[in-house]
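Structural description and commentary
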Amino acid sequence: MIPRRFEPIAFGFALSGLMSSIISAISTFRAVGVIPNFAGVWMGAWIPSWIIAFPVVLVVAPLARRIVHRLVKN
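What counts and what doesn't
- Residues numbered from 1 in each chain as written.
- Predicted model: local features only at pLDDT ≥ 70, side-chain atom pairs only at ≥ 80, totals over all residues.
- Heavy atoms only, no water.
- Axes fitted to C-alpha atoms, helices over the stretch in contact; angles between N-to-C directions.
- Helix = DSSP H or I, 4+ residues; strand = E, 2+ residues; numbered from the N terminus.
- Parallel < 35°, antiparallel > 145°, perpendicular 65-115°, else oblique.
- Left-handed = near helix turned anticlockwise from the far one by under 90°.
- Nonpolar A, V, L, I, M, F, W, Y, C, P; charged D, E, K, R; others polar.
- Expected span 1.5 Å × (residues − 1).
- Bend = angle between axes of the 7 residues up to and from the residue.
- Buried < 20%, exposed > 50% of the residue type's maximum accessible area, 1.4 Å probe, protein only.
- Contact = heavy atoms within 4.5 Å.
- Salt bridge = Lys/Arg side-chain N within 4 Å of Asp/Glu carboxyl O.
- Phe/Tyr/Trp six-rings, centres within 6.5 Å; stacked < 30°, edge-to-face > 60°.

1. Here we look at the packing of helix H1 (residues 7–32) against helix H2 (residues 38–71)
As a packed pair, H1 and H2 sit with axes 7 Å apart at the nearest point and diverge in direction by 140°. As judged from the angle between their axes, H1 and H2 are oblique. Handedness of the H1/H2 crossing: right-handed. Considering only residue class, the contact of H1 with H2 consists of 17 nonpolar, 8 polar and no charged.

Rendered as structure tokens:
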């Protein structure tokens, strides 16, 4: 198992992977439609997207938490 101290990184990894895969699939589908090599084209779009999304999530998540914390009443 992963030690508790790595939970934010593991969360960012999972979140960025899932979100970038879904968004890249939708974008790829809208760009090329259903083609015989759709999975290959999608993977070609997803991997670079995930490489960008993972560090962005790690940087942006704390900012988003602070914004939400200010918006939520105690």
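Resuming the write-up.
2. Comments concerning H2
For H2, spanning 34 residues, the distance from its first C-alpha to its last is only 41 Å, which falls clearly below the expected 50 Å at 1.5 Å a residue. Helix geometry: H2 is bent most strongly at Val60, by close to 35°, with proline Pro62 lying one to four residues after it. All buried positions along H2 are accounted for by Trp46, Trp50, Ala53 and Val57. Among the structural elements, H1 are those in contact with the buried residues of H2.

3. Describing the pattern of salt bridges
According to the stated counting rule, one finds 1 salt bridge in the structure shown. We note a salt bridge from Glu7 to Arg4, for which the minimum N-O separation is 2.6 Å.

4. Overview of the packing of aromatic side chains
Enumeration according to the criterion identifies 5 aromatic pairs in this entry. Ring geometry for Trp46 against Trp50: centres 5.0 Å apart, planes inclined by 10°, an arrangement best described as stacked. Taken together, the residues Trp46 and Trp50, both in helix H2 and 4 residues apart, mark about one turn of the helix. In this structure, Trp46 and Trp50 share a single accessibility class: buried. Among the aromatic residues, those joined into a cluster by ring pairs are Phe13, Phe38, Trp42, Trp46, Trp50 and Phe54.

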